[in-house]
Amino acid sequence: MSFAELNLIPALLKGITECGYTTPTPIQSKAIPEALAGRDILASAQTGTGKTAAFMLPALQLLSEPAPKRRGAPRVLVLTPTRELAGQILDATRTFGRYINPRFALLLGGMPYRDQFKDLQASPDLVVGTPGRLVDHLQRGSLDLSRLEILVLDEADRMLDMGFKEDLEKIIAGAPANRQTLFFTATLDRTMADLAGRMLRQPVRIDIAGSKMTLETIEQRLHVTDNRQHKEKLLQHLVSSPDINQAIIFSATKRDTDTLARALTAQGHRAAALHGDMNQNARNRTLRDLRRGKIKLLVATDVAARGIDVTTISHVFNFDLPMFAEDYVHRIGRTGRAGATGTAISFASAAETAALRRIERYIGQSLPQQVVPGFEPTRPLDTRPARSGRAPVRSGRPQKTGEWKGRGEARVKQDFPPKKRTERSAPVIEYRTRRSSAPTGR
Ligand code: AMP
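Residues numbered from 1 in each chain as written. Predicted model: local features only at pLDDT ≥ 70, side-chain atom pairs only at ≥ 80, totals over all residues. Heavy atoms only, no water.

### Regarding the pairing of strand E9 (residues 247–250)
Of the two faces of E9, the one carrying Ala247 and Ile249 and the one carrying Ile248 and Phe250 are both buried. In this sheet, strand E11 (residues 297–300) lies alongside E9 in parallel orientation, the contact comprising four bridges. What sits directly across from Ala247, in E11, is Leu297. Pairing between E9 and strand E12 (residues 315–318): four bridges, direction parallel. Paired with Phe250 across the bridge in E12 is Asn318. (Buried < 20%, exposed > 50% of the residue type's maximum accessible area, 1.4 Å probe, protein only. Helix = DSSP H or I, 4+ residues; strand = E, 2+ residues; numbered from the N terminus. Pairing = 2+ DSSP bridges.)

This is how it looks when you write it as structure tokens:
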């Protein structure tokens, strides 16, 4: 299928071609025609599937049709969990939407209000923002959702995880009932299904979820380590490899990211830290430097690095294993993007055996172990599978394994539509898509 077959207007087709996209990804070919037809959408799709264009292209097509403007009252609102993701949505919109060129406002927490008021006063067509700040503007009366035509929730599961449920409810309450809603989530458990049921009207269900495809373009390796000192020395050795174009190094705590980044800089690397305690300007500057190639090694925490989409990242290091198995997939998905291949290298010490088991059960494979001469661990790791039980996962999220899609399907059928039906919940039409046909290879 080509983009031309999706009923997109020439101005958007031109923008897409200039972006270098030739074939729609599965989420795009399923979602775009339905969204253009005005249907609500409930899509399970992760970052890396091309979901941004799947919701932004129909939104931009709507904005290409003129409508009266009013201060602070956008026609399209995109809700995202993090500031980084919001910035990336806007960047993508600027590229494929360059011939529509909508007036927009970016309403993010941690940023000064002054510019946001100014942008709202200028009658934006499109608002992209994080829930807390959006509610703030709603309560101050600077944002008016009464004219909203399309509401997009991007990474809705992450927004719930981050405690934005109440804010989401307030935003939904402020939007007109006849709006169109495009709901994107990586996982769909009972809480998510309840929220979706209340928000969506006869949604088309599209399922592009699955961690397996993400893993196919990424070579994964495991190094067993004795302790932190061993990890530091091994990292120092591995990051000096000429194979590394750019790398993200994940560590467990904000303090550790600073310490590691300082140590790498002292060793002569172009390294920097990225974590939630940095102010927004510093975070933006770091991301910009990463994109421009000024930074080669970015040491980051999970939340700060979520959604980073830089195709030149060749390696991901898990200096510490993540506590939740699903974060492992999110982390390694920072490499191998847009059809490129990538390498994910994890360090595990004896204290992380349980986390390693959880990850291996979740992705449905063992991580191949590698030993670098001169950096051998003194003891092997006991990676035999646990005798009983299922992998613990983040509370409120569905149990998943490498066979994520299969399990997801069973759950979705039980959970959706939710038992307690409301006016907006309704039967769904289902699409099942195998991601193997994704032109991006992701
Ligand atoms: P997303 O899931 O929206 O974060 O997109 C993941 C990556 O895929 C981004 O680098 C996009 O620029 C790229 N991408 C999205 N759609 C396409 C497409 N149809 N063809 C090629 N690359 C794409």
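Picking up after the structure, the text goes on.
### Looking at the site of the ligand
In the vicinity of the ligand lie 15 residues, with Tyr21, Gln28, Gly48, Gly50 and Thr52 positioned nearest. With respect to the ligand, the backbone of Thr23 contributes an N or O atom lying 2.8 Å from a nitrogen atom. Of the residues belonging to the shell around the ligand, the class tally is three nonpolar, nine polar and three charged. (Near = heavy atom within 4 Å. Polar contact = N/O pair within 3.5 Å; in protein donor to acceptor, adjacent residues only side chain to side chain. Nonpolar A, V, L, I, M, F, W, Y, C, P; charged D, E, K, R; others polar.)

### Structural notes on helix H8 (residues 165–174)
All buried positions along H8 are accounted for by Asp167, Leu168, Ile171 and Ile172. Across the axial projection of H8, the buried residues extend over an arc of 135°, all falling on one side. Of the exposed residues in H8, the ones pointing more than 90 degrees away from its buried face are Glu166 and Ala173. (Arc of directions from axis to C-beta.)

### Topic: the nonpolar core
Residues Met56, Leu57 and Val78 are the most contacted members of the largest nonpolar core, which totals 40 residues. With nine residues, helix H3 (residues 51–63) is the single largest residue contributor to this core. In contact with Leu57, not counting residues within four places along its chain, are Phe3, Leu8, Leu12, Ile16, Ile32 and Phe96. If you look at the next biggest cluster of nonpolar residues, it comprises 29 residues, including Leu120, Leu143, Leu153 and Ile172. (Core = buried A, V, L, I, M, F, W, Y, C linked by side-chain atoms within 4.5 Å. Contact = heavy atoms within 4.5 Å.)

### Section: the pattern of salt bridges
Under the counting rule described, the total for this entry stands at 19 salt bridges. Measuring nitrogen to oxygen at the nearest pair gives 3.1 Å for the salt bridge that ties Asp256 to Arg228. One end of the pair, Asp256, is in helix H12 (residues 254–266); the other, Arg228, is in helix H11 (residues 228–238), with 28 residues separating them in the sequence. Judged by relative accessible area, Arg228 falls into the partly exposed class, the value being 31%. One salt bridge in this structure joins Asp302 and Arg331, with 2.7 Å as the shortest N-O distance. With a gap of 29 residues between them, Asp302 in helix H14 (residues 302–305) and Arg331 in helix H15 (residues 325–332) connect regions that are remote in the sequence. Salt bridges here are not isolated pairs; linked through shared partners, they connect Lys51, Asp154 and Glu155. (Salt bridge = Lys/Arg side-chain N within 4 Å of Asp/Glu carboxyl O.)

### As for the pairing of strand E8 (residues 218–224)
Of all seven residues making up E8, six are buried, and the element is well covered by its neighbours. Sheet topology note: the E8/strand E13 (residues 342–348) ladder contains seven bridges and is parallel. Bridged to Gln220 within E13 is Ala344.

### Description of the packing of aromatic side chains
Applying the stated criterion across every chain yields a total of six aromatic pairs. Joined through ring pairs, the aromatic side chains of Phe3, Tyr21 and Phe96 make up one cluster. For the cation-ring pair, Lys14 lies above Tyr99, with the distance from its terminal atom to the ring centre recorded as 4.3 Å. Its guanidinium or amino end placed over the ring of Tyr113, Arg133 lies 3.8 Å from that ring's centre, counting from NZ or CZ. (Phe/Tyr/Trp six-rings, centres within 6.5 Å; stacked < 30°, edge-to-face > 60°. Lys NZ or Arg CZ within 6 Å of the ring centre and 35° of its normal.)

### Looking at a positive patch on the surface
Taken together, the side chains of Arg285, Arg288, Arg292 and Lys294 present a region of like positive charge at the surface. Mapped onto the elements of the fold, Arg285 is located in helix H13 (residues 280–291). (Patch = residues over 30% accessible without salt bridge, like charges linked within 9 Å, V, L, I, M, F, W, Y side chains within 5 Å. Areas by Shrake-Rupley, 256 points an atom, 1.4 Å probe, with all protein chains shown as cover. Lys, Arg positive; Asp, Glu negative; His and termini not counted. Charge placed at Lys NZ, Arg CZ, Asp CG, Glu CD.)

### Concerning unusual backbone geometry
If a residue is not glycine, its phi is most likely negative; likewise, a peptide bond is most likely trans. Backbone geometry places Glu155, a non-glycine residue, at a positive phi of 55°. Inspection of the secondary structure assignment puts Glu155 in the loop between strand E5 (150–153) and helix H7 (156–161). Glu155 sits in the buried class, given a relative accessible area of 3%.

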